Amino acid sequence: MRDIQNIVILTGAGISAESGIATFRGPGGLWEGHRVEDVCTPQALAHDPALVHRFYDLRRAALDTVIPNAAHDALARLDREWPGELLIVTQNVDDLHERAGATRMLHMHGELNSALCADCGVQAEWRGSLPPGSVCAACGATTLRPDIVFFGEMPYRMDAIERALSRADLFVSIGTSGAVYPAAGFVQTARYHGAQTLELNLEPSAGSVYFHEARMGAAGVLVPEWVGEVLSA
Ligand code: APR
């Protein structure tokens, strides 16, 4: 096993579950009560903008009621102390990684605290409700939308992600079901480039077979343990 210099970490809804943010596909999941197609597609936004904007307004408002958990804190510690390259790629749209102090990170599926202008493409930090028809400060159009990557849209920063995966010595997947591509394929890309791969999850994900090692349990327990190991190795 080559020594570890460069680490890529993929996180999903499971890392925020212990903070009280519902996952998507578990019991009581976020999609229950809503069909994904009804709220997370460009067609849904065009067909019923008020429903889609309200769905994300509620999730944005809920951020004020949750705080980072031990898993977010442990990754922020790794970010501060890891001397090699590190990239945290989150599928989550919450701001818990940032609030824990992570900096070497990116949101591949967008962010609740951001608005996207459908006209000029500018992203702007956004707090509070974002009603349909809100005005873009950059171009004046009234086409601001939640800055969420919908199904069928291209995730953000794929170039940076592919580059990091090609250089990774270790790829760690935390709290994701492996149900949605391209994120679900990152483990195979990392392995192709010779990385060791580790899955930390409550239960085996759809891609568990692709990982060299898989540890099952709560992120709040597994992630601090793993960070302690990798920093003392
Ligand atoms: N600790 C670790 N893992 C957990 C925990 C926990 N406390 N609680 C749940 N999990 C695991 C579940 O077992 C599941 O495998 O987290 C995973 C959550 O899976 P999903 O709900 O499918 O969420 P995610 O994988 O992030 O979804 C990917 O799909 O809906 C789209 O764009 C959305 O980014 C999202 C993407």
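Refer to the structure presented above.
Residues numbered from 1 in each chain as written. Predicted model: local features only at pLDDT ≥ 70, side-chain atom pairs only at ≥ 80, totals over all residues. Heavy atoms only, no water.

The next subject is the site of the ligand. Taken together, 22 residues lie near the ligand, and Ala13, Phe24, Arg25, Thr176 and Ser177 sit nearest. Arg25 is positioned with one of its side-chain polar atoms (N or O) 2.6 Å from an oxygen atom of the ligand. His109 has a polar side-chain atom sitting 2.9 Å from an oxygen atom of the ligand. Classifying every residue of the shell around the ligand gives 9 nonpolar, 10 polar and 3 charged. (Near = heavy atom within 4 Å. Polar contact = N/O pair within 3.5 Å; in protein donor to acceptor, adjacent residues only side chain to side chain. Nonpolar A, V, L, I, M, F, W, Y, C, P; charged D, E, K, R; others polar.)

Moving on to the packing of aromatic side chains. Applying the stated criterion across every chain yields a total of 3 aromatic pairs. Taken together, a centroid distance of 5.0 Å and an interplanar angle of 85 degrees make the contact between Phe55 and Tyr56 edge-to-face. Take Phe55 and Tyr56: they sit in the same class, and that class is buried. An angle of 20 degrees between the planes, with centres 6.3 Å apart, marks the rings of Phe171 and Phe211 as stacked. Of the two residues, Phe171 sits in strand S7 (residues 170-174) while Phe211 sits in the loop between strand S8 (196-201) and strand S9 (213-216), which places them 40 residues apart along the sequence. For the pair shown, Phe171 and Phe211 are each scored as buried. An aromatic cluster is defined as three or more aromatic residues linked by ring pairs; in this entry it consists of Phe55, Tyr56 and Phe150. (Phe/Tyr/Trp six-rings, centres within 6.5 Å; stacked < 30°, edge-to-face > 60°. Buried < 20%, exposed > 50% of the residue type's maximum accessible area, 1.4 Å probe, protein only. Helix = DSSP H or I, 4+ residues; strand = E, 2+ residues; numbered from the N terminus.)

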